[in-house]
Amino acid sequence: MIKLYGIIILVAVLGGVGYGAKYYYDTTQNTIAQLRENNAQLEVAVDTAQNSVETLQGDMKKLATLNKGLQEDLQKAEAYGDELRQKLSKLDLVVEALKNSKSLEGKMNGATANLWRDFMGDTGGNAERPLPNWLLESKARTDSQDSNQSGESSDTSGSTTEATPTE
Amino acid sequence: MEKVQIPVVAQPKPLQLNDTRVFVVNKDNYEEFVKEFTATYGELAFVALSMKDYQNLALNIADIKRYLEQQKEIILYYEKAVTEEPKEKEDD
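Residues numbered from 1 in each chain as written. Chains lettered and ligands numbered in written order. Predicted model: local features only at pLDDT ≥ 70, side-chain atom pairs only at ≥ 80, totals over all residues. Heavy atoms only, no water.

S.K.: Pulling in residues and values, what's your account of the overall build of chain A?
M.R.: Assigned secondary structure in chain A consists of 5 helices and 0 strands. Taken over 167 residues, chain A has a buried fraction of 28%. Here the analysis covers contacts within chain A between residues at least 6 apart in sequence; of these, 72% occur between residues at least 24 apart. When the accessible surface of chain A is summed, it comes to about 11000 Å², and 59% of that surface belongs to carbon and sulfur atoms. (Helix = DSSP H or I, 4+ residues; strand = E, 2+ residues; numbered from the N terminus. Buried < 20%, exposed > 50% of the residue type's maximum accessible area, 1.4 Å probe, protein only. Contact = heavy atoms within 4.5 Å. Areas by Shrake-Rupley, 256 points an atom, 1.4 Å probe, with all protein chains shown as cover.)

S.K.: Describe in detail the packing of helix α1 (residues 2-76) of chain A against helix α2 (residues 51-82) of chain B, supporting the description with residues and values.
M.R.: Running from N to C, α1 of chain A and α2 of chain B cross one another at 170 degrees; their axes reach a closest spacing of 10 Å. As far as their axial angle goes, α2 of chain B and α1 of chain A are roughly antiparallel. Residues K62, L63, L66, N67, L70, D73 and L74 of chain A of α1 of chain A form the contact with α2 of chain B, whose participating residues are Q70, E73, I74, Y77, K80 and A81 of chain B. Residues belonging to the contact of α1 of chain A with α2 of chain B are distributed by class as follows: 7 nonpolar, 2 polar and 4 charged. (Axes fitted to C-alpha atoms, helices over the stretch in contact; angles between N-to-C directions. Parallel < 35°, antiparallel > 145°, perpendicular 65-115°, else oblique. Nonpolar A, V, L, I, M, F, W, Y, C, P; charged D, E, K, R; others polar.)

S.K.: Can you break down the confidence of the model for chain A residue by residue, with the values?
M.R.: Overall, the predicted model of chain A reaches an average pLDDT of 86, with 86% of residues at or above 70. In this model, residues 151-167 of chain A is a region of pLDDT below 50 whose contacts with residues beyond four sequence positions or in other chains number 46 contacts. (pLDDT = per-residue confidence, 0-100.)

S.K.: Pulling in residues and values, what's your account of the interface of chain A and chain B?
M.R.: Taken together, the 44 residues of chain A in the interface contact 38 residues of chain B. Between chain A and chain B the total buried area reaches about 4200 Å² when both faces are included, carbon and sulfur atoms providing 63% of it. On the chain A side of the interface with chain B, the three residues burying the most area are K62, W116 and F119 of chain A, jointly 14% of the side's total. The interface formed by chain A and chain B contains 5 salt bridges. In this structure, the salt-bridge partner of R117 of chain A is D19 of chain B, at a minimum N-O distance of 2.8 Å. (Buried area = accessible area lost by both parts, 1.4 Å probe. Salt bridge = Lys/Arg side-chain N within 4 Å of Asp/Glu carboxyl O.)

S.K.: Give me the lowdown on helix α4 (residues 101-122) of chain A, citing residues and values where you can.
M.R.: Residue and element names in this part refer to chain A. Given a rise of 1.5 Å per residue, 22 residues ought to cover 32 Å, and the 31 Å separating the end C-alpha atoms of α4 matches this to within 8%. Along α4, 19 of the 22 residues are buried, which leaves the element largely enclosed by surrounding structure. Phi for G124, located one or two positions after α4, is positive at around 90 degrees. (Expected span 1.5 Å × (residues − 1).)

S.K.: Give me the pattern of salt bridges: which residues, what numbers.
M.R.: Per the counting criterion, the structure on display carries 14 salt bridges over all chains. For the salt bridge of K87 of chain A with E83 of chain A, the shortest nitrogen-to-oxygen distance reads 3.0 Å. On the criterion of helical spacing, the pair formed by K87 of chain A and E83 of chain A is a turn pair, its members being 4 residues apart in helix α2 (residues 79-90). Taking relative accessible area as the criterion, E83 of chain A reaches 35% and is therefore assigned partly exposed. The shortest N-O distance in the salt bridge between K65 of chain B and D118 of chain A comes to 3.8 Å. Of this pair, K65 of chain B sits in helix α2 while D118 of chain A sits in helix α4, placing the two residues on different chains. We classify K65 of chain B as buried; its relative accessible area is 5%. With relative accessibility at 33%, the residue D118 of chain A sits in the partly exposed group. Here the salt bridges do not stand alone but share partners, grouping K102 and E105 of chain A together with R21 and E36 of chain B into one network.

S.K.: So what's going on with the nonpolar core? Residues and values would help.
M.R.: By size, the foremost hydrophobic cluster in this structure holds 16 residues, and its most contacted members are L84, L93, L104, M108 and L115 of chain A together with V24 and M51 of chain B. Listing elements by their share of this core, those giving two or more residues are α2, α3 (93-99) and α4 of chain A together with α2 of chain B. Sequence-distant contacts of M51 of chain B, that is, excluding residues within four places in its chain, are made with L93, V94, A97, L104 and M108 of chain A together with V24 of chain B. (Core = buried A, V, L, I, M, F, W, Y, C linked by side-chain atoms within 4.5 Å.)

S.K.: I'd love a proper account of the environment of Q86 of chain A, names of residues and values included.
M.R.: All names here are of chain A. Note that Q86 resides in helix α2. The exposure class assigned to Q86 is partly exposed, which follows from its relative accessible area of 47%. Considered as a pair, Q86 and W116 are 30 residues apart in the sequence and their alpha carbons are 21 Å apart.

Quick look at the structure:
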(Lines give C-alpha, C1' and ligand atoms only; values in the text may rest on other atoms or scores of the structure.)
Protein backbone atom coordinates (compact mmCIF):
# COMPACT_ATOMS: atom_id res chain seq x y z
CA MET A 1 0.00 0.00 0.00
CA ILE A 2 2.84 2.37 0.91
CA LYS A 3 4.50 1.35 -2.29
CA LEU A 4 1.37 2.30 -4.22
CA TYR A 5 1.24 5.70 -2.51
CA GLY A 6 4.91 6.14 -3.25
CA ILE A 7 4.30 5.40 -6.93
CA ILE A 8 1.32 7.78 -7.03
CA ILE A 9 3.38 10.53 -5.37
CA LEU A 10 6.27 9.87 -7.73
CA VAL A 11 3.97 10.00 -10.75
CA ALA A 12 2.41 13.17 -9.40
CA VAL A 13 5.81 14.73 -8.83
CA LEU A 14 7.01 13.64 -12.26
CA GLY A 15 3.76 14.94 -13.79
CA GLY A 16 4.22 18.23 -11.98
CA VAL A 17 7.81 18.48 -13.14
CA GLY A 18 6.74 17.56 -16.69
CA TYR A 19 3.96 20.12 -16.64
CA GLY A 20 6.34 22.70 -15.22
CA ALA A 21 8.87 21.89 -17.90
CA LYS A 22 6.17 22.13 -20.59
CA TYR A 23 4.94 25.40 -19.13
CA TYR A 24 8.48 26.75 -18.97
CA TYR A 25 9.14 25.61 -22.53
CA ASP A 26 5.94 27.21 -23.89
CA THR A 27 6.50 30.42 -22.00
CA THR A 28 10.09 30.62 -23.19
CA GLN A 29 9.06 29.95 -26.78
CA ASN A 30 6.43 32.66 -26.59
CA THR A 31 8.95 35.05 -25.10
CA ILE A 32 11.46 34.17 -27.84
CA ALA A 33 8.78 34.73 -30.51
CA GLN A 34 7.83 38.06 -28.93
CA LEU A 35 11.45 39.12 -28.69
CA ARG A 36 12.05 38.08 -32.31
CA GLU A 37 9.08 40.18 -33.41
CA ASN A 38 10.26 43.12 -31.30
CA ASN A 39 13.73 42.77 -32.75
CA ALA A 40 12.36 42.82 -36.30
CA GLN A 41 10.37 45.97 -35.49
CA LEU A 42 13.41 47.55 -33.89
CA GLU A 43 15.51 46.74 -36.95
CA VAL A 44 12.91 48.47 -39.15
CA ALA A 45 12.85 51.42 -36.73
CA VAL A 46 16.66 51.61 -36.74
CA ASP A 47 16.70 51.46 -40.56
CA THR A 48 14.11 54.24 -40.76
CA ALA A 49 16.02 56.33 -38.23
CA GLN A 50 19.26 55.69 -40.11
CA ASN A 51 17.64 56.73 -43.40
CA SER A 52 16.25 59.85 -41.77
CA VAL A 53 19.67 60.73 -40.37
CA GLU A 54 21.27 60.17 -43.78
CA THR A 55 18.57 62.26 -45.48
CA LEU A 56 19.03 65.06 -42.97
CA GLN A 57 22.81 64.91 -43.32
CA GLY A 58 22.46 64.98 -47.11
CA ASP A 59 20.06 67.93 -46.89
CA MET A 60 22.37 69.79 -44.54
CA LYS A 61 25.30 69.23 -46.90
CA LYS A 62 23.23 70.32 -49.90
CA LEU A 63 21.95 73.41 -48.09
CA ALA A 64 25.45 74.32 -46.94
CA THR A 65 26.70 74.14 -50.55
CA LEU A 66 23.70 76.12 -51.80
CA ASN A 67 24.13 78.70 -49.07
CA LYS A 68 27.79 79.16 -49.91
CA GLY A 69 26.90 79.66 -53.58
CA LEU A 70 24.13 82.07 -52.62
CA GLN A 71 26.47 84.22 -50.53
CA GLU A 72 28.90 84.41 -53.47
CA ASP A 73 26.09 85.33 -55.89
CA LEU A 74 24.72 87.95 -53.51
CA GLN A 75 28.19 89.45 -53.28
CA LYS A 76 28.54 89.49 -57.09
CA ALA A 77 25.29 91.44 -57.36
CA GLU A 78 26.93 94.27 -55.42
CA ALA A 79 29.63 94.67 -58.06
CA TYR A 80 27.74 96.91 -60.52
CA GLY A 81 26.70 99.44 -57.88
CA ASP A 82 30.14 99.45 -56.26
CA GLU A 83 31.83 100.00 -59.62
CA LEU A 84 29.41 102.77 -60.53
CA ARG A 85 29.87 104.55 -57.19
CA GLN A 86 33.63 104.29 -57.58
CA LYS A 87 33.54 105.76 -61.10
CA LEU A 88 31.16 108.55 -60.12
CA SER A 89 33.35 109.48 -57.19
CA LYS A 90 36.34 109.85 -59.51
CA LEU A 91 34.50 111.87 -62.15
CA ASP A 92 33.05 115.36 -62.07
CA LEU A 93 30.16 115.12 -64.50
CA VAL A 94 29.74 118.89 -64.69
CA VAL A 95 33.34 119.29 -65.82
CA GLU A 96 32.94 116.43 -68.29
CA ALA A 97 29.75 117.98 -69.66
CA LEU A 98 31.43 121.34 -70.16
CA LYS A 99 34.53 119.74 -71.70
CA ASN A 100 32.89 117.38 -74.19
CA SER A 101 29.13 117.12 -73.93
CA LYS A 102 28.70 114.85 -76.95
CA SER A 103 31.17 112.31 -75.65
CA LEU A 104 29.52 112.26 -72.23
CA GLU A 105 26.11 112.03 -73.87
CA GLY A 106 27.24 109.03 -75.92
CA LYS A 107 28.62 107.30 -72.86
CA MET A 108 25.44 107.94 -70.87
CA ASN A 109 23.14 106.73 -73.63
CA GLY A 110 25.31 103.69 -74.36
CA ALA A 111 25.53 102.71 -70.74
CA THR A 112 21.80 103.21 -70.26
CA ALA A 113 21.02 101.08 -73.33
CA ASN A 114 23.28 98.35 -71.96
CA LEU A 115 21.66 98.60 -68.55
CA TRP A 116 18.16 98.11 -70.02
CA ARG A 117 19.48 95.11 -71.97
CA ASP A 118 21.06 93.70 -68.80
CA PHE A 119 17.71 94.00 -67.05
CA MET A 120 15.97 92.24 -69.92
CA GLY A 121 18.62 89.48 -70.01
CA ASP A 122 18.49 89.00 -66.24
CA THR A 123 14.74 88.47 -66.36
CA GLY A 124 14.88 85.99 -69.25
CA GLY A 125 14.23 88.48 -72.04
CA ASN A 126 16.27 89.42 -75.09
CA ALA A 127 19.55 91.00 -73.98
CA GLU A 128 20.85 91.11 -77.56
CA ARG A 129 18.29 93.56 -78.94
CA PRO A 130 20.01 95.85 -81.47
CA LEU A 131 20.91 99.34 -80.28
CA PRO A 132 18.67 102.14 -81.63
CA ASN A 133 19.86 103.99 -84.76
CA TRP A 134 20.23 107.34 -83.01
CA LEU A 135 22.65 105.71 -80.57
CA LEU A 136 24.70 104.02 -83.28
CA GLU A 137 24.89 107.31 -85.23
CA SER A 138 25.83 109.20 -82.09
CA LYS A 139 28.50 106.60 -81.30
CA ALA A 140 29.96 106.80 -84.80
CA ARG A 141 30.02 110.61 -84.59
CA THR A 142 31.64 110.58 -81.16
CA ASP A 143 34.22 107.99 -82.16
CA SER A 144 35.30 109.95 -85.23
CA GLN A 145 35.36 113.17 -83.18
CA ASP A 146 37.48 111.50 -80.51
CA SER A 147 39.96 110.10 -83.01
CA ASN A 148 40.26 113.50 -84.70
CA GLN A 149 40.69 115.33 -81.44
CA SER A 150 43.29 113.10 -79.83
CA GLY A 151 45.49 111.32 -82.30
CA GLU A 152 48.07 110.74 -79.62
CA SER A 153 45.63 109.14 -77.24
CA SER A 154 44.36 105.61 -77.67
CA ASP A 155 41.89 105.93 -74.82
CA THR A 156 38.77 104.00 -75.72
CA SER A 157 36.72 105.01 -72.72
CA GLY A 158 34.53 107.05 -75.04
CA SER A 159 32.78 103.91 -76.18
CA THR A 160 29.04 104.21 -75.85
CA THR A 161 28.76 100.59 -74.91
CA GLU A 162 30.32 101.00 -71.51
CA ALA A 163 28.31 99.57 -68.66
CA THR A 164 27.88 102.67 -66.56
CA PRO A 165 26.27 105.99 -67.31
CA THR A 166 29.48 107.88 -66.83
CA GLU A 167 32.24 105.78 -68.29
CA MET B 1 11.39 60.47 -43.80
CA GLU B 2 8.93 61.91 -46.29
CA LYS B 3 9.72 65.35 -47.64
CA VAL B 4 7.05 67.91 -48.40
CA GLN B 5 6.88 68.37 -52.16
CA ILE B 6 6.77 72.06 -53.13
CA PRO B 7 6.12 72.71 -56.81
CA VAL B 8 8.44 75.19 -58.53
CA VAL B 9 6.31 77.89 -60.11
CA ALA B 10 6.93 79.60 -63.44
CA GLN B 11 8.99 82.78 -63.60
CA PRO B 12 7.20 86.06 -64.35
CA LYS B 13 7.19 87.50 -67.86
CA PRO B 14 10.60 88.99 -68.78
CA LEU B 15 11.09 92.74 -68.80
CA GLN B 16 10.56 94.47 -72.15
CA LEU B 17 12.19 97.86 -71.71
CA ASN B 18 12.20 100.78 -74.12
CA ASP B 19 15.33 102.69 -74.99
CA THR B 20 15.68 106.13 -73.48
CA ARG B 21 17.73 109.02 -74.81
CA VAL B 22 19.67 111.53 -72.76
CA PHE B 23 20.95 114.89 -74.05
CA VAL B 24 23.89 116.55 -72.35
CA VAL B 25 23.47 120.28 -72.72
CA ASN B 26 25.74 123.13 -71.67
CA LYS B 27 25.80 126.82 -72.47
CA ASP B 28 27.95 126.24 -75.55
CA ASN B 29 25.77 123.66 -77.27
CA TYR B 30 22.37 124.88 -76.10
CA GLU B 31 21.44 126.47 -79.44
CA GLU B 32 22.53 123.36 -81.31
CA PHE B 33 20.55 121.20 -78.89
CA VAL B 34 17.38 123.28 -79.39
CA LYS B 35 17.76 122.99 -83.15
CA GLU B 36 18.44 119.26 -83.14
CA PHE B 37 15.80 118.51 -80.53
CA THR B 38 13.10 120.48 -82.34
CA ALA B 39 14.02 118.82 -85.62
CA THR B 40 13.75 115.37 -84.02
CA TYR B 41 10.72 115.79 -81.78
CA GLY B 42 8.87 118.75 -83.29
CA GLU B 43 8.24 120.64 -80.06
CA LEU B 44 10.70 122.07 -77.58
CA ALA B 45 9.53 120.45 -74.39
CA PHE B 46 11.85 118.32 -72.32
CA VAL B 47 12.67 117.13 -68.84
CA ALA B 48 15.93 118.46 -67.43
CA LEU B 49 18.05 116.84 -64.76
CA SER B 50 21.04 118.30 -63.01
CA MET B 51 24.21 116.21 -63.07
CA LYS B 52 23.73 115.50 -59.37
CA ASP B 53 20.21 114.23 -59.96
CA TYR B 54 21.37 112.18 -62.92
CA GLN B 55 24.00 110.60 -60.66
CA ASN B 56 21.34 109.90 -58.05
CA LEU B 57 19.08 108.37 -60.70
CA ALA B 58 21.92 106.15 -61.92
CA LEU B 59 22.75 105.06 -58.36
CA ASN B 60 19.07 104.40 -57.61
CA ILE B 61 18.76 102.20 -60.70
CA ALA B 62 22.00 100.42 -59.77
CA ASP B 63 20.54 99.68 -56.34
CA ILE B 64 17.30 98.38 -57.87
CA LYS B 65 19.41 96.19 -60.18
CA ARG B 66 21.32 94.90 -57.15
CA TYR B 67 18.10 94.11 -55.32
CA LEU B 68 16.58 92.40 -58.36
CA GLU B 69 19.64 90.20 -58.89
CA GLN B 70 19.87 89.27 -55.21
CA GLN B 71 16.15 88.50 -55.05
CA LYS B 72 16.54 86.30 -58.13
CA GLU B 73 19.47 84.44 -56.56
CA ILE B 74 17.48 83.87 -53.37
CA ILE B 75 14.56 82.47 -55.38
CA LEU B 76 16.96 80.18 -57.26
CA TYR B 77 18.39 79.08 -53.91
CA TYR B 78 14.96 78.07 -52.64
CA GLU B 79 14.09 76.39 -55.93
CA LYS B 80 17.27 74.30 -55.76
CA ALA B 81 16.64 73.54 -52.08
CA VAL B 82 13.17 72.12 -52.72
CA THR B 83 14.08 70.32 -55.94
CA GLU B 84 15.09 66.68 -55.54
CA GLU B 85 18.43 65.95 -57.14
CA PRO B 86 18.80 62.81 -59.24
CA LYS B 87 20.29 60.01 -57.14
CA GLU B 88 23.13 59.20 -59.50
CA LYS B 89 24.80 61.80 -61.63
CA GLU B 90 26.50 60.95 -64.87
CA ASP B 91 30.22 61.48 -64.85
CA ASP B 92 31.29 64.53 -66.83
